[in-house]
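This is what each chain is made of:
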Amino acid sequence: METTNDNPQFSASRRTFLAGSMAVTTIGFGMPAFAAMRAPATDPFIERLLKRMTIEEKAGQLTMNGALGIGRLVNPTTGPEPALQTTLDQIAQGRLTGLFNADDVKLGRTMQQIAVEKSRLGIPLIFAADIIHGLKTAFPVPLGESASFDAGLCERTARATAIEATAFGVQWTFAPAVDIARDQRWGRVVEGAGEDPWLGCRIAEARVRGFQGADLRANDSLLACPKHFAGYGAVQGGMDYNTADIPETTLREVHLPPFKASFDAGALTTMASFNDTGGVPSTGNHHLLTDILRGEWAFRGLVVSDFNSEKELVDHGYAADEADAVLKAVTAGCDMSIQGGLYLKHIPALVQSGRLKMAVVDEAVRRVLRVKKALGLFENPYRSLDPARMGTDIRRPEAVALAREAGRKSIVLLKNERNVLPLPKSGKALALIGPFVTDRNNALGPWMVFPDMKSAVTFEQGVRDALGAGAALAVVPGCGIERPLHGGIDAAVAAARAADVVVLYVGEATNMSGEGASRADITIPKPQVDLIDAVAAVGKPMVILLKHGRALELPNSVKNAQAIVCTWFLGSESGNAIADVLFGDHAPQGRLPVSFPRRAGQEPFYYNHRSTGRPSLVEGPPVGARYREVSTSALYPFGHGLGYSTVAYGATEIGRPRIRMGESLSVKARITNTGTAKHHEVAQLYIRIRVAEIVQPIRALKGIRHVDLEPGASADVEFTLTAQDLAYVHADTRTRTDPGAFEVVIAPNSAAGTPIPFLLAAA
Ligand code: NOJ
């Protein structure tokens with residue numbers, strides 16, 4: 001059976017995904033539950049199918065194979081290579097639920113045809129992939145894009161990503177990563193939205209909405225998989241795959257909310273994380289995967305393992321052997337295994353021996369079939385498997401323009417002494433120095449499984465396009481990313497001497513963040529620091545562009561530069577986006593989603609920590625909770641970011657000093673553009689719960705307003721706080737609001753402003 005791809009949603013969503021945001025926007029509070037989540041627990045169609053399935057077919061529905069490079073296994077004259085033939089046979093026998101990271105939509109279509117026409121029950125396959133920040137059009141890495149503090153933008157890039165991914169034969173993305181990460185040593189900080197749960201929730205739900213669109217059955221809807229469930233961002237020492245020791249209260253306060261927000265926004269799948277929490281690996285964690293997820297949250301979707309994570313239960317020392325690992329994973333609530341094939345290998349014998357109950361397997365299969373049905377795969381198995389769309393929907397001009405917009409909105413200006421930025425487009429001799437100036441390989445950043453490297457715009461290209469031919473530009477690498485270049489520093493110093501302004505593009509390579517890329521030293525590599533030191537000694541105005549997948553510890557020569565700019569990994573349009581901001585065509589507007597420490601040894605370092613019994617003075621004599629060598633304040637705090645103008649915040653004002661439970665509180669402040677350039681301000685609302693049975697963070701973000709201000713103009717920003725915003729997770733692990741004393745402030749970042757007190761009385 002083949003049906004048409006002519007779903008009205010397809011064109012509607014393509015029309016709307018590029019719509020811009022309004023001048024003053026609020027990041028919303030959640031979405032209605034998705035229709036498919038409310039579907040009845042037993043679906044007659046699925047029950048009939050289930051009754052006809054053998055145990056091998058059931059195990060097959062729970063088994064997904066990795067398929068990276070599978071397109072290369074088709075020989076044009078002799079046909080499928082043996083490894084591919086094995087997969088095709090498995091599909092024909094109904095022993096596979098789908099494939100991930102397959103790279104050939106035509107082959108995908110052939111495989112789907114085998115599944116629906118040749119397998120006994122004709123159950124369609126599902127094609128998944130790691131489409132993290134774009135397919136061929138690369139958007140900024142998720143952490144970078146989160147610096148936009150603009151959930152609407154994240155939704156639009158996710159929508160554009162979905163259009164490309166579904167044109168490439170992908171129906172399910174293993175994204176977004178919604179792990180809250182507070183230790184910058186962890187390489188996977190780059191994949192999430194940073195250290196704050198509230199921002200993490202808003203961005204998680206936006207990305208889910210963007211990927212999935214309004215109708216899951218649409219040809220361009222990409223099923224989302226918020227990951228990694230759960231607590232992966234809390235791995236000890238920031239070392240990837242490490243243990244995570246998280247008290248249940250912190251788990252629920254910090255790490256679980258972005259998952260809940262994603263499910264409320266309609267996500268129907270999640271991936272179990274590699275880590276253990278308090279000694280129980282997530283893949284075998286019944287409390288997480290069943291009690292909380294299915295019990296408390298009534299999640300009706302499926303849980304997938306993470307790349308053999310069921311097998312890793314053996315390596316953790318949680319299961320005796322492979323069969324025991326499968327038993328524990330399935331029983332805990334991990335429905336589908338990816339990569340290793342262990343479910344297919346062991347489930348039939350486990351059931352036959354009576355160790356694994358058929359009812360448990362049936363429930364897992366039900367969940368998988370329900371998701372396939374929600375995607376419309378039974379009616380239209382060829383949805384998102386249309387090779388013609390490769391020609392029309394990949395690297396569409398609107399998507400490329402969106403990548404540039406997202407790139408420049410993700411840039412954060414940390415420092416701009418004497419207004420060295422923006423640079424004039426003429427009249428000054430520029431030296432562009434550093435290993436990333438002409439580099440294309442590190443433009444996109446980690447987690448591009450199907451990259452289009454050649455379309456990445458380098459920084460040099462971006463600058464040349466902005467300045468036009470004949471611009472006075474010296475371009476000198478100075479050093480490699482992690483090694484010196486013979487004569488490199490001398491050439492850089494000579495170029496700096498001849499220039500009016502030096503722009504140094506330095507930082508991390510792609511492979512220094514992402515999976516398995518944790519760092520003990522979150523620093524700029526030494527050969528680059530030697531280069532920066534030497535160029536700084538020349539004494540010319542210096543602009544530092546940082547390339548990075550995390551907050552870094554900065555050396556003195558960077559800290560003392562006139563301007564410091566976070567550019568993360570900005571994706572395909574990286575060079576253009578940076579040039580847009582550097583030369584003032586667009587003022588920077590990003591805000592830090594992670595705190596910059598003064599020293600790496602402060603990690604884990606985040607603004608919303610609990611108060612100690614000896615709170616430290618930020619500056620002053622070393623007393624209280626602090627290190628001997630360094631102030632406890634951030635070098636640049638969460639939420640910080642400058643524009644090309646200056647702003648002044650008036651005092652935070654509240655409607656009343658005392659409210660009752662059930663009432664809301666109006667909080668406002670006047671913001672004025674006190675400079676001479678246009679300004680985009682991101683006003684942030686923070687609260688503090690003064691007394692609680694579980695000690696609360698010294699500040700917690702609860703709202704954001706984006707405001708555009710002409711020079712000299714003022715605007716009142718106003719928020720409404722409700723009892724829900726004042727709730728916290730209690731010792732009994734339940735979330736509720738207590739009457740008591742609170743503080744609130746509207747500020748330009750997490751360290752600024754003077755909080756004012758108010759009281760909440762019982763109803
Ligand atoms: C391992 C990673 O942890 C996960 O994020 C990814 O989705 C899977 N591999 C599949 O590639």
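Residues numbered from 1 in each chain as written. Predicted model: local features only at pLDDT ≥ 70, side-chain atom pairs only at ≥ 80, totals over all residues. Heavy atoms only, no water.

**Q** Even after reading the chapter, I still don't get the packing of aromatic side chains, so can you show me in this structure?
**A** Between two aromatic rings, the relevant description is the distance of the centres plus the angle of the planes. Within the structure shown, the criterion is met by 19 aromatic pairs. Taken together, a centroid distance of 4.8 Å and an interplanar angle of 55° make the contact between Phe168 and Phe450 tilted. In this pair, Phe168 is assigned in the loop between helix H7 (151–167) and strand E7 (172–173) and Phe450 in the loop between strand E15 (430–433) and helix H18 (459–467), connecting sequence segments 282 residues apart. Exposure remark for Phe450: the relative accessible area of 8% places this residue in the buried category. An aromatic cluster of at least three residues, connected via ring pairs, comprises Phe229, Phe259, Phe263, Trp297 and Phe299. A cation over a ring is seen here: Arg182 above Tyr606, with NZ or CZ 4.1 Å from the ring centre. Just above the ring of Tyr318 sits the side chain of Lys328; from NZ or CZ to the centre is 5.7 Å. (Phe/Tyr/Trp six-rings, centres within 6.5 Å; stacked < 30°, edge-to-face > 60°. Helix = DSSP H or I, 4+ residues; strand = E, 2+ residues; numbered from the N terminus. Buried < 20%, exposed > 50% of the residue type's maximum accessible area, 1.4 Å probe, protein only. Lys NZ or Arg CZ within 6 Å of the ring centre and 35° of its normal.)

**Q** Is there a simple way to explain empty space enclosed by the protein in this structure?
**A** One water molecule sets the probe size; rolling that probe over the atoms shows where empty space is left. Counted by the stated rule, this structure contains 6 cavities of 30 Å³ or more. By volume, the largest cavity is sized at about 100 Å³. As for the largest cavity, its lining consists of Met53, Glu57, Gln61, Ile91, Gly94, Leu96, Ala115, Ser119, Arg120, Leu121, Gly122 and Ile123. Across the lining of the largest cavity, the residue classes break down as 6 nonpolar, 4 polar and 2 charged. Reported here for the second largest cavity is a volume of approximately 70 Å³. Lining the second largest cavity, in full, are Ile132, His133, Phe139, Pro140, Pro142, Glu145, Cys154, Thr157, Ala158, Thr161, Arg207 and Phe211. Those elements giving two or more residues to the lining of the second largest cavity turn out to be helix H6 (142–146), H7 and helix H8 (197–212). Ranked by the residues each element gives to the lining of the second largest cavity, the list is headed by H7, at 4 residues. Each residue belonging to the lining of the second largest cavity can be placed in one class, and the counts come to 7 nonpolar, 3 polar and 2 charged. (1 Å grid on protein atoms, 1.4 Å probe; cavity = no way out; pocket = protein on both sides within 12 Å on 5 of 7 lines; lining within 4 Å. Points joined across faces, edges and corners; volume = space filled by probe spheres on them. Nonpolar A, V, L, I, M, F, W, Y, C, P; charged D, E, K, R; others polar.)

**Q** So what exactly am I meant to see when it comes to the packing of helix H13 (residues 322–332) against helix H14 (residues 342–352) here?
**A** Two numbers describe a pair of packed helices, the interaxial angle and the distance between the axes. Close contact between H13 and H14 brings their axes to 9 Å; oriented N to C, the two are set at 85°. The angle between H13 and H14 falls in the class roughly perpendicular. Of H14, the residues touching H13 (which contributes Glu322, Ala323, Val326, Leu327, Ala329 and Val330) are Leu342, Tyr343, Lys345, His346, Ile347 and Leu350. (Axes fitted to C-alpha atoms, helices over the stretch in contact; angles between N-to-C directions. Parallel < 35°, antiparallel > 145°, perpendicular 65-115°, else oblique. Contact = heavy atoms within 4.5 Å.)

**Q** Is there a simple way to think about the domain arrangement of the protein chain in this case?
**A** How big an interface is tends to be stated in terms of accessible area lost as the parts join. Domain boundaries assigned for the protein chain yield domain 1 (8–391), domain 2 (407–602) and domain 3 (647–761). Once you take the C-alpha centre of each, domain 1 and domain 2 turn out to be 35 Å apart. Between domain 1 and domain 2, the residue contacts involve 44 residues of the former and 37 residues of the latter. A buried area of about 3000 Å², summed over both sides, lies between domain 1 and domain 2, and 59% of it is on carbon and sulfur atoms. Looking at the side of domain 1 facing domain 2, the largest losses of area belong to Lys136, Gln184 and Arg185, adding up to 19% of the total buried there. Applying the counting rule to domain 1 against domain 2 returns 1 salt bridge. The residue Glu515 makes a salt bridge to Arg188 at a minimum N-O spacing of 3.8 Å. At the surface where domain 1 touches domain 2, the tally comes to 19 residue pairs in polar contact (both at pLDDT 80 or more). Per element, the largest residue contribution to the side of domain 1 that touches domain 2 is 4 residues, and it comes from H6. Its residues assigned to classes, the side of domain 1 that touches domain 2 shows 23 nonpolar, 12 polar and 9 charged. (Domains from an automatic or database assignment. Buried area = accessible area lost by both parts, 1.4 Å probe. Salt bridge = Lys/Arg side-chain N within 4 Å of Asp/Glu carboxyl O. Polar contact = N/O pair within 3.5 Å; in protein donor to acceptor, adjacent residues only side chain to side chain.)

**Q** Would you mind showing me how to read the nonpolar core here?
**A** Soluble globular proteins tend to pack their nonpolar side chains together in the buried interior. Met64, Trp172, Phe174, Phe229 and Ile347 are the most contacted members of the largest nonpolar core, which totals 88 residues. The residues touching Ile347, leaving out its near neighbours within four places in the chain, are Ile55, Ala59, Leu62, Val326, Val330, Leu342, Leu356 and Val361. (Core = buried A, V, L, I, M, F, W, Y, C linked by side-chain atoms within 4.5 Å.)

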